[in-house]
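Coordinates in review
Residues per chain are reported as follows:
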Amino acid sequence: MPFERGKSGNPKGRPRQTAEQKSQKEQFQRLLKSSTVDALQSIIQIANDRYSKDRFNACKYIIDKAYGANTAFLLDGEETAPVVIKVVPYIRPGEDEDWEQEWNNTPDESEDED
């Protein structure tokens, strides 16, 4: 059947939810909202773990939620150049600090292009 201009493809609309479905949906939303802080703390913990294979994804998730997932460039005031976000490892007191020298001696990607 061809599409008719001005006529809905679903004239009756979405079926109404039953009281039980509404109750289940509200209960599910409450459960999600109650675990939001714990979930975010877990994501931050992964982002701070320099040995985690999921570190990049955790950092990307945090940045996407903070600035928007579809933000191609983060503009700073009137400048048209993008803001560069550099992920820098955090040293907890008592951890070995040898990685810092290795981190600082690693060539930057932009230096490879020269």
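Residues numbered from 1 in each chain as written. Predicted model: local features only at pLDDT ≥ 70, side-chain atom pairs only at ≥ 80, totals over all residues. Heavy atoms only, no water.

1. A few points about the overall build of the protein
Broken down by element type, the protein carries 5 helices and 0 strands. Listed by position from the N terminus, the elements making up the protein come as α-α-α-α-α. Looking at the protein residue by residue over its 114 residues, the buried ones come to 6%. Intrachain contacts of the protein at a sequence separation of at least 6 include 20% that bridge at least 24 residues. Counting every atom, the protein has about 11000 Å² of accessible surface; 51% of that belongs to carbon and sulfur. (Helix = DSSP H or I, 4+ residues; strand = E, 2+ residues; numbered from the N terminus. Buried < 20%, exposed > 50% of the residue type's maximum accessible area, 1.4 Å probe, protein only. Contact = heavy atoms within 4.5 Å. Areas by Shrake-Rupley, 256 points an atom, 1.4 Å probe, with all protein chains shown as cover.)

2. A short note on the packing of helix H2 (residues 36-48) against helix H3 (residues 55-67)
Each pair of packed helices can be described by the angle between their axes along with the distance between the axes. It is at 7 Å that the axes of H2 and H3 come closest, and there the two elements cross at 130°. Relative to H3, H2 is oriented oblique. Both H2 and H3 take part in a crossing whose hand is left-handed. Seen from H2, the contacting residues are Ile43, Ile44, Ile46 and Ala47; seen from H3, they are Arg55, Ala58, Cys59, Tyr61 and Ile62. Considering only residue class, the contact of H2 with H3 consists of 8 nonpolar, no polar and 1 charged. (Axes fitted to C-alpha atoms, helices over the stretch in contact; angles between N-to-C directions. Parallel < 35°, antiparallel > 145°, perpendicular 65-115°, else oblique. Left-handed = near helix turned anticlockwise from the far one by under 90°. Nonpolar A, V, L, I, M, F, W, Y, C, P; charged D, E, K, R; others polar.)

3. Quick word on the confidence of the model for the protein
For the protein, per-residue confidence averages 77 on the pLDDT scale, and 66% of positions sit at 70 or higher. Looking across the protein, the model is least confident in helix H5 (residues 109-112), with a mean pLDDT of 52, and most confident in helix H1 (residues 19-34), with 92. (pLDDT = per-residue confidence, 0-100.)

4. A look at H3
Between its first and last C-alpha atoms H3 spans 18 Å; for 13 residues at 1.5 Å apiece the expected length is 18 Å, and the two agree. Buried within H3 are the following residues: Arg55, Ala58, Cys59 and Asp64. Just downstream of H3, Gly68 is the residue with a positive phi angle, here 105°. (Expected span 1.5 Å × (residues − 1).)

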